[in-house]
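One-letter residues, chain by chain:
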Amino acid sequence: MKHLKPALIAWAMSVGTAFAGPQGFALHDTPQTVANVRYEKEDGSRGDMEDFRGKVILVNVWATWCVPCREEMPTLDALQAELGGDDFEVVALSIDRAGSKVVRRFYDEIGVTNLKMYVDQTMLSMTALRTVGLPTTILIDAQGRELGRLVGPAEWDDPEMVSFLREFIE
């Protein structure tokens with residue numbers, strides 16, 4: 001718990017446990033190493049997790065064919081609109097084998113305007129990030145370490161969730 005800020009520790013304890021966040025978000029007692037996952041951007045250029053070093057990121061591993069993923073995407077877009085900036089980004093990492101065209105079509109269909117597009121057509125990120133189902137969302141600190149995760153969908157723009165995540169950004 002040494003890596004947690006006092007306000008966050010107090011909040012966690014107020015809900016009955018030192019390692020749980022809203023909606024079942026599970027915090028680790030110590031930060032975990034994260035694989036340097038590679039992805040493709042909408043413009044075809046390639047990148048990896050090191051590109052985000054220095055900023056807190058919320059990596060959401062998802063696919064357009066995953067119904068719960070589709071349902072939570074507007075809340076991730078809203079979260080990016082509210083908290084996104086130099087210190088924080090929602091990284092929606094699609095594992096669609098059809099690539100960025102199908103993701104772009106989906107973004108346009110539901111009105112996603114704040115999220116950038118990151119795609120791993122190889123699906124290797126699922127193994128590298130130790131995902132056990134979709135969606136899986138991982139909170140990574142500015143040093144590139146995993147602080148916690150949530151397996152399954154969530155309402156990312158819920159005020160309690162926004163407040164919880166803001167503690168890691170500030």
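For the structure, check the block above.
Residues numbered from 1 in each chain as written. Predicted model: local features only at pLDDT ≥ 70, side-chain atom pairs only at ≥ 80, totals over all residues. Heavy atoms only, no water.

### A closer look at unusual backbone geometry
Point 1. For the bond from Leu134 to Pro135, the omega torsion is -10°, close enough to zero to count as cis.
Point 2. Considering the arrangement of structural elements, one finds Pro135 in the loop between α4 (124-128) and β7 (136-140).
Point 3. With a phi close to 60°, Gln23 is a non-glycine residue in the positive phi region.
Point 4. Summarising the element assignment, Gln23 is placed in the loop between α1 (6-14) and β1 (26-33).
Point 5. Judged by its relative accessible area of 38%, Gln23 falls in the partly exposed class.
Point 6. Located in the positive-phi region is Arg130, a residue other than glycine, with phi close to 55°.
Point 7. On the secondary structure map, Arg130 appears in the loop between α4 and β7. (Helix = DSSP H or I, 4+ residues; strand = E, 2+ residues; numbered from the N terminus. Buried < 20%, exposed > 50% of the residue type's maximum accessible area, 1.4 Å probe, protein only.)

### Here's the deal with the state of the cysteines
Point 1. Within the structure shown, the criterion is met by 1 disulfide.
Point 2. Here Cys66 is linked by a disulfide to Cys69, with a sulfur-sulfur distance of 2.4 Å. Because the sign of the S-S torsion sets the handedness, a value of about 75° for the bond joining Cys66 and Cys69 places this disulfide among the right-handed ones.
Point 3. Classification of Cys66 by relative accessible area gives buried; the value is 6%. (Disulfide = S-S within 2.5 Å.)

### Considerations on the packing of aromatic side chains
Point 1. One pass over the structure, following the stated rule, counts 8 aromatic pairs.
Point 2. On the numbers, 5.6 Å between centres and 75° between planes, the contact of Phe52 with Tyr118 is edge-to-face. With a gap of 66 residues between them, Phe52 in the loop between β3 (46-48) and β4 (56-62) and Tyr118 in strand β6 (residues 118-119) connect regions that are remote in the sequence.
Point 3. Between Trp62 and Tyr107, the ring centres sit 6.2 Å apart and the planes meet at 10°, which makes this aromatic pair stacked. One end of the pair, Trp62, is in strand β4; the other, Tyr107, is in helix α3 (residues 100-110), and 45 residues separate them in sequence. Tyr107 shares its class with Trp62; the two are buried.
Point 4. One aromatic cluster is present, built from ring pairs that chain together Phe25, Trp156, Phe164 and Phe168. (Phe/Tyr/Trp six-rings, centres within 6.5 Å; stacked < 30°, edge-to-face > 60°.)

### A few points about the pairing of strand β5 (residues 88-94)
Point 1. Among the 7 residues that make up β5, 7 are buried, leaving the element largely enclosed by the rest of the structure.
Point 2. Side chains Phe88, Val90, Ala92 and Ser94 of β5 all project onto a buried face; the interleaved residues Glu89, Val91 and Leu93 project onto the opposite face, where all are buried too.
Point 3. In the sheet, β4 pairs with β5 via 7 bridges, with the strands oriented parallel. Paired with Ile57 across the two strands is Glu89, which belongs to β5.
Point 4. This β-α-β element, β4 to helix α2 (residues 67-83) to β5, shows right-handed connectivity.
Point 5. As paired strands, β5 and β6 are joined by 2 bridges and run parallel to one another. Looking at the pairing, Ser94 lines up with Val119 of β6.
Point 6. For the segment spanning β5, α3 and β6, crossover handedness is right-handed. (Pairing = 2+ DSSP bridges. Right-handed = clockwise from strand over helix to strand, strands pointing away.)

### Comments concerning α2
Point 1. Counted at 1.5 Å a residue, the expected span for α2 with its 17 residues is 24 Å, and the 25 Å between its end C-alpha atoms agrees.
Point 2. In α2, a bend of some 35° at Met73 exceeds every other bend along the element, and Pro74, a proline, comes one to four places later.
Point 3. Among all positions in α2, only Cys69, Glu72, Met73, Thr75, Leu76, Asp77, Leu79, Gln80 and Leu83 are buried.
Point 4. Those residues of α2 that are buried are in contact with β4, β5, α3, β7 and α5 (159-169). (Expected span 1.5 Å × (residues − 1). Bend = angle between axes of the 7 residues up to and from the residue. Contact = heavy atoms within 4.5 Å.)

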